[in-house]
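Each chain, written out:
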Amino acid sequence: MVYYLFNPSEHSFFPKCPFRVLTGFDCPGCGSQRAAHALLHADVVGAIGHNLLLVISMPLLVVHWGYKIASLIKKQKLQWPLLYHRATPKVVFVIVVAFWIIRNTTIYPFNN
């Protein structure tokens, strides 16, 4: 609700990224608050501009939550095999680190 009502770009009560404050570089989560605000206002392009990784991960999170809700309703453990594969954490780690590095370069579209 807070992210819908208040734009993090315009209000100073939202927390600043400690990594960015200390180094001047973006972390993988930088821009997530602004991206969440944009998504809640159906501004997908704006959200992508703030944090592409958050936007790409949202459909996976929705599927995950869907399985969790279905598990509660059916009272049995349902899982999407892709999300619970033993290699998934390693793949996610590589993606996050690659995103972290690339977003701090001059490569388009990160060269804002």
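This one's a predicted model, so the numbers in the text were calculated from it and none came from an experiment.

Asker: Is there a simple way to think about the overall build of the protein in this case?
Answerer: Helix and strand counts for the protein come out as six helices and zero strands. When the elements of the protein are put in sequence order from the N terminus, they spell out α-α-α-α-α-α. Seen through its principal axes, the protein has C-alpha atoms that stretch 45 × 35 × 25 Å. About 8,400 Å² of surface is accessible on the protein, with carbon and sulfur atoms providing 70% of the total.

Asker: Help me out: how do you make sense of the side chain of arginine 103 in this one?
Answerer: Within the secondary structure layout, arginine 103 lies in the segment after α6 (88-102). The buried charged residue arginine 103 lacks any salt bridge, with aspartate 26 as its nearest oppositely charged partner at 4.3 Å. Excluding anything up to four places from it in sequence, arginine 103 contacts Asp26, Cys27, Pro28, Gly29, Cys30, His50, Asn51 and Phe110.

Asker: Got a minute to help me understand a nonpolar patch on the surface in this structure?
Answerer: Together, Met1, Val2, Tyr3, Tyr4, Leu5, Phe6, Phe13 and Leu40 make up a nonpolar patch on the protein surface, roughly 830 Å² of accessible area in all. If one sorts the elements of the nonpolar patch by residue count, helix α1 (residues 2-5) sits on top with four residues.

Asker: I keep staring at the pattern of salt bridges and nothing clicks. Help me out?
Answerer: Any two side chains of opposite charge can pair if their charged atoms end up close together. Following the criterion strictly, the structure yields one salt bridge and no others. For aspartate 26, the salt bridge identified is with arginine 20, shortest N-O distance 2.4 Å. A residue is classified by how much of its surface remains accessible, and arginine 20, at 42% relative accessible area, is partly exposed.

Asker: How do you make sense of the packing of aromatic side chains when you look at a structure like this?
Answerer: Two aromatic rings are characterised by how far apart their centres lie and by the angle between their planes. By the definition in use, this model includes four aromatic pairs. Taking the centre distance of 5.4 Å and the plane angle of 85° together, the rings of phenylalanine 6 and phenylalanine 13 count as edge-to-face. Among the aromatic residues, those joined into a cluster by ring pairs are Tyr3, Phe6, Phe13 and Phe14.

Asker: Quick question: what am I supposed to make of the environment of isoleucine 95 here?
Answerer: Tracing the backbone through its elements, the reader meets isoleucine 95 in helix α6. Distance from isoleucine 95 to leucine 53, taken between C-alpha atoms, is 8.9 Å for residues 42 residues apart in sequence.

Asker: What should I look at first to understand the layout of surface pockets in this one?
Answerer: The gaps of empty space that remain are located by a probe, the size of a water molecule, rolled over the atoms. A volume near 610 Å³ is recorded for the largest pocket. As for the largest pocket, its lining consists of 27 residues, and the residues nearest its centre are Asp26, Cys30, Gly31, Arg34 and His50. Here the lining of the largest pocket is composed, by residue class, of twelve nonpolar, ten polar and five charged. Every residue lining the second largest pocket is counted, 18 residues in all, and those nearest its centre are Ser57, Leu60, Leu83, Thr88 and Val92. Secondary-structure elements contributing two or more residues to the lining of the second largest pocket are α5 (52-74) and α6. When residues in the lining of the second largest pocket are grouped by element, the largest group, seven residues, is from α5. Among the residues forming the lining of the second largest pocket, the class breakdown is 13 nonpolar, five polar and no charged.

Asker: Can you walk me through the side chain of serine 71 in this structure?
Answerer: Summarising the element assignment, serine 71 is placed in helix α5. At 2.8 Å, the side chain of serine 71 and the backbone nitrogen of leucine 78 are in polar contact.

Rules and cut-offs
Residues numbered from 1 in each chain as written. Predicted model: local features only at pLDDT ≥ 70, side-chain atom pairs only at ≥ 80, totals over all residues. Heavy atoms only, no water. Helix = DSSP H or I, 4+ residues; strand = E, 2+ residues; numbered from the N terminus. Areas by Shrake-Rupley, 256 points an atom, 1.4 Å probe, with all protein chains shown as cover. Buried < 20%, exposed > 50% of the residue type's maximum accessible area, 1.4 Å probe, protein only. Lys, Arg positive; Asp, Glu negative; His and termini not counted. Salt bridge = Lys/Arg side-chain N within 4 Å of Asp/Glu carboxyl O. Contact = heavy atoms within 4.5 Å. Patch = residues over 30% accessible without salt bridge, like charges linked within 9 Å, V, L, I, M, F, W, Y side chains within 5 Å. Phe/Tyr/Trp six-rings, centres within 6.5 Å; stacked < 30°, edge-to-face > 60°. 1 Å grid on protein atoms, 1.4 Å probe; cavity = no way out; pocket = protein on both sides within 12 Å on 5 of 7 lines; lining within 4 Å. Points joined across faces, edges and corners; volume = space filled by probe spheres on them. Nonpolar A, V, L, I, M, F, W, Y, C, P; charged D, E, K, R; others polar. Polar contact = N/O pair within 3.5 Å; in protein donor to acceptor, adjacent residues only side chain to side chain.

Don't take any of this as a statement about function, it's just geometry.
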